[in-house]
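# Structure at a glance
Residue-level listing of the chains:
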Amino acid sequence: MALAIGALTSSSPALAQSGVSEGQKIAFDRGKGNCLTCHDIKGGDLPGTIGPALKDIKSKYPDRNDLVAIVSDETKRNPQTVMPPFGRNRILTEQEINAVVDFLQTL
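Predicted, not measured: the structure shown is a model, and the values here were computed from it.

### Thoughts on the overall build of the protein chain
- Per the secondary structure count, the protein chain includes four helices and zero strands.
- For the protein chain, the proportion of contacts with a sequence separation of at least 24, taken over those separated by at least 6, is 42%.
- As displayed, the protein chain offers around 7,000 Å² of accessible surface, 56% of which is attributable to carbon and sulfur atoms.

### Focus on the side chain of Gln105
- Along the chain, Gln105 falls in the segment after α4 (94-104).
- Exposure remark for Gln105: the relative accessible area of 16% places this residue in the buried category.
- When sequence neighbours within four positions are dropped, the list of residues in contact with Gln105 reads Lys58, Tyr61, Arg64 and Leu67.

### A look at the packing of helix α3 (residues 64-73) against α4
- At a minimum axis separation of 10 Å, α3 and α4 run at an interaxial angle of 125°. One element, α3, and the other, α4, form an angle in the oblique class. By crossing handedness, the relation of α3 to α4 is classed as right-handed. On α4, the residues touching Arg64, Leu67, Val68, Val71 and Ser72 of α3 are Ile97, Asn98, Val101, Asp102 and Leu104.
- Grouping the constituent residues of the contact of α3 with α4 by class yields six nonpolar, two polar and two charged.

### Regarding unusual backbone geometry
- The phi dihedral of Asp56 is positive, around 55°, even though this residue is not glycine.
- Inspection of the secondary structure puts Asp56 in the loop between α1 (2-28) and α2 (57-60).
- The backbone phi angle of Arg90 is positive, close to 55°, even though this residue is not glycine.
- By relative accessible area, which is 75% here, Arg90 ends up exposed.

### Structural notes on the pattern of salt bridges
- The full count for this structure, using the stated rule, is four salt bridges.
- A salt bridge links Asp102 to Arg64, with the shortest nitrogen-to-oxygen separation between them at 2.5 Å. With Asp102 in helix α4 and Arg64 in helix α3, the pair connects residues that are 38 residues apart, well separated along the chain.
- Since its relative accessible area comes to 24%, Asp102 is described here as partly exposed.
- The exposure class assigned to Arg64 is partly exposed, which follows from its relative accessible area of 26%.
- Arg77 is the partner of Glu74 in a salt bridge, and the nearest nitrogen-oxygen pair spans 3.0 Å.

### Quick word on the nonpolar core
- Among the nonpolar cores identified, the biggest contains 20 residues, and Ile41, Phe103 and Leu104 are the most heavily contacted of them.
- Contributing elements (two or more residues each) for this core: α1, α3 and α4.
- Top contributing element to this core by residue count: α4, with six residues.
- If sequence neighbours within four positions are ignored, Leu104 has contacts with Leu54, Ile57, Leu67 and Val71.

Conventions and cut-offs
- Residues numbered from 1 in each chain as written.
- Predicted model: local features only at pLDDT ≥ 70, side-chain atom pairs only at ≥ 80, totals over all residues.
- Heavy atoms only, no water.
- Helix = DSSP H or I, 4+ residues; strand = E, 2+ residues; numbered from the N terminus.
- Contact = heavy atoms within 4.5 Å.
- Areas by Shrake-Rupley, 256 points an atom, 1.4 Å probe, with all protein chains shown as cover.
- Buried < 20%, exposed > 50% of the residue type's maximum accessible area, 1.4 Å probe, protein only.
- Axes fitted to C-alpha atoms, helices over the stretch in contact; angles between N-to-C directions.
- Parallel < 35°, antiparallel > 145°, perpendicular 65-115°, else oblique.
- Left-handed = near helix turned anticlockwise from the far one by under 90°.
- Nonpolar A, V, L, I, M, F, W, Y, C, P; charged D, E, K, R; others polar.
- Salt bridge = Lys/Arg side-chain N within 4 Å of Asp/Glu carboxyl O.
- Core = buried A, V, L, I, M, F, W, Y, C linked by side-chain atoms within 4.5 Å.

This is the structure:
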């Protein structure tokens, strides 16, 4: 059991980095996450200005669950939003939403 815990602990940074990379890929993918259509994101090309610039995310949303909820279905918090409910409409899977949140928390 100790070996299994040690193995998980040692690969954890690699897994986290993998989630960040996958999240960035999804966020920048014009056919999937498409975050750049509405948001300015460091490293992204041709950003939109409909939504706020995505920066200092971890300080704005210290509770990761809040950010997951926003990406999943911002209409629950703000019924007037134009942000698509990525989770509710099954645009992104739960795993993809978590990867995007991993990426957003690095901004």
